[in-house]
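Close look at the chain arrangement
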Amino acid sequence: MKYREIIDRYMQLQGFVALQLHAVLFDMDGVLFDSMPFHAQAWSKVMTDAGFKFSEEDVYMNEGRTGADTINTASLAQFGKPATQELIDTLCKAKCEIFDTYPTTPRMRGALELVKKVKDSGLTPMIVTGSGTPTLLGRIQENFPALFNENHIVTSFNVKRGKPYPDPYLLALEKGGFAPNEAIVIENAPLGVTAGVAAGLLTIAANTGPLNPDVLYNAGANMVFPSVEAIAADWDNLLAALKG
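Report follows, based on the coordinates. Per-chain numbering applies: the sequence of each chain, read as written, is numbered from 1 onward. The predicted origin of the model limits local features to residues at a pLDDT of at least 70 and limits the giving and counting of side-chain atom pairs to 80 or more, whereas totals for whole chains, interfaces and linings rest on all residues. Only hydrogens and water are set aside; all other atoms, that is, all heavy atoms of the structure, feed into the side-chain values.

Attention shifts here to the overall build of the protein. A helix here means a DSSP run of H or I that spans at least four residues, while a strand means a run of E at least two residues long, and both kinds are numbered starting from the N terminus. Broken down by element type, the protein carries 12 helices and six strands. Its C-alpha atoms give the protein a radius of gyration of 17 Å, near enough to 18 Å, the size a compact globule of 244 residues would have. The classification of residues rests on relative accessible area computed with a 1.4 Å probe and restricted to protein chains. Under 20% of the type maximum is buried, over 50% is exposed, and intermediate values are partly exposed. Residue burial in the protein is summarised as follows: out of 244 residues, 51% are buried. The contact criterion used throughout is that any non-hydrogen atoms of two residues lie within 4.5 Å. Across the protein, contacts joining residues at least 24 apart in sequence account for 66% of those joining residues at least 6 apart. Note on areas: Shrake-Rupley with a 1.4 Å probe; residue coverage comes only from the protein chains shown. For the protein, the exposed area adds up to about 11,200 Å²; of that, 51% sits on carbon and sulfur atoms. In this description the radius of gyration comes from C-alpha coordinates, and the expected globular size is given by 2.2 Å times residues to the power 0.38.

Okay, here's the thing in structure tokens:
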């Protein structure tokens, strides 16, 4: 992959003279944690039981939305009307209850190594997730000890509009005090990629799910890697190009 050419093309499109990298904004599910298979199973079951046609692949395509937005989007598409707040509350609760019965999800392979490399490079690692589970902060501190500052985490509780809107990434920039040319995004989901691009950020995708890589490129990803592990393995070369 010709990193420098991709970066130059991005800067030209955005009108930036240079990147001045200070932060890396990580999605959580599917990037830091190998949790998407469980999310896919839980969402598909809950939605199907409620009368929706909602496969596990649909979950991956909608990954990054808040739970309410996921349900509302499906209701508008399939029934031509928004979901009631009662239905949203019921399905979100049911999904969380099912998800909590699954085994604890492990770190994504290569994630700890990558975050450590980011930190050791003098950059600020941040998290931007559509999740909002109460145990989120504890899981992050347990699996990535001393690597993330609690004030550098954006969850579904912090925004009204989740991905694919740019709001979560714009809020992360605001929290960190960074401009769009001072941070990059690492995502795994099409809607997350769309959100990062809409926020003006160079957006790297790790294709950790079942989707064709073209789906991520079509969503706007500047680069697509086959895994988080692959990004970690070539981080030094990527960083050199980003700082070049």
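From this point, the narrative continues.
This paragraph deals with helix H2 (residues 36–49). In this scheme, a helix's expected span is set at 1.5 Å multiplied by one less than its residue total. For H2, spanning 14 residues, the distance from its first C-alpha to its last is 20 Å, which sits close to the expected 20 Å at 1.5 Å a residue. Looking at H2, one finds that the buried residues are Met-36, His-39, Ala-40, Ala-42, Trp-43, Ser-44, Val-46 and Met-47. The elements touched by buried residues of H2 are helix H3 (56–62), helix H4 (67–79) and helix H5 (85–99). Just downstream of H2 lies Gly-51, where phi reads positive at about 100°.

Strands sit in the order S3-S2-S1-S4-S5-S6 across an open sheet of six strands; the sheet is parallel. In this open sheet, the two edge strands, each paired with only one partner strand, are strand S3 (153–154) and strand S6 (223–225). Relative to S6, strand S5 (residues 202–206) runs parallel, the two sharing three bridges. Paired with Ile-204 across the two strands is Met-223, which belongs to S6. Contacts from helix H1 (residues 3–14) reach S5 and S6 within the one sheet, and its direction differs from that of S6 by about 140°. Angles run from 0 to 180 degrees between N-to-C directions of axes, and those axes are lines fitted to C-alpha atoms, restricted for helices to the stretch in contact. Lying over the sheet, helix H9 (residues 190–198) contacts strand S4 (183–187) and S5, oriented at roughly 165° with respect to S5. Pairing between two strands is assigned when DSSP locates at least 2 bridges connecting them.

Before going further, it helps to spend a moment on the side chain of Ser-44. Considering the arrangement of structural elements, one finds Ser-44 in helix H2. For Ser-44, a relative accessible area of 12% puts it in the buried group. There is a polar contact of 2.8 Å between the side chain of Ser-44 and the backbone oxygen of Phe-54. Counted as a polar contact is a pair of N or O atoms within 3.5 Å, where, for protein atoms, one must be capable of donating a hydrogen and the other of accepting one, and residues adjacent in sequence contribute only when both atoms are in side chains.

Let us look at the side chain of Ser-156. As for its position among the elements, Ser-156 is in the loop between S3 and helix H8 (167–176). Judged by its relative accessible area of 19%, Ser-156 is buried.

Any functional reading would require information beyond the geometric quantities listed.
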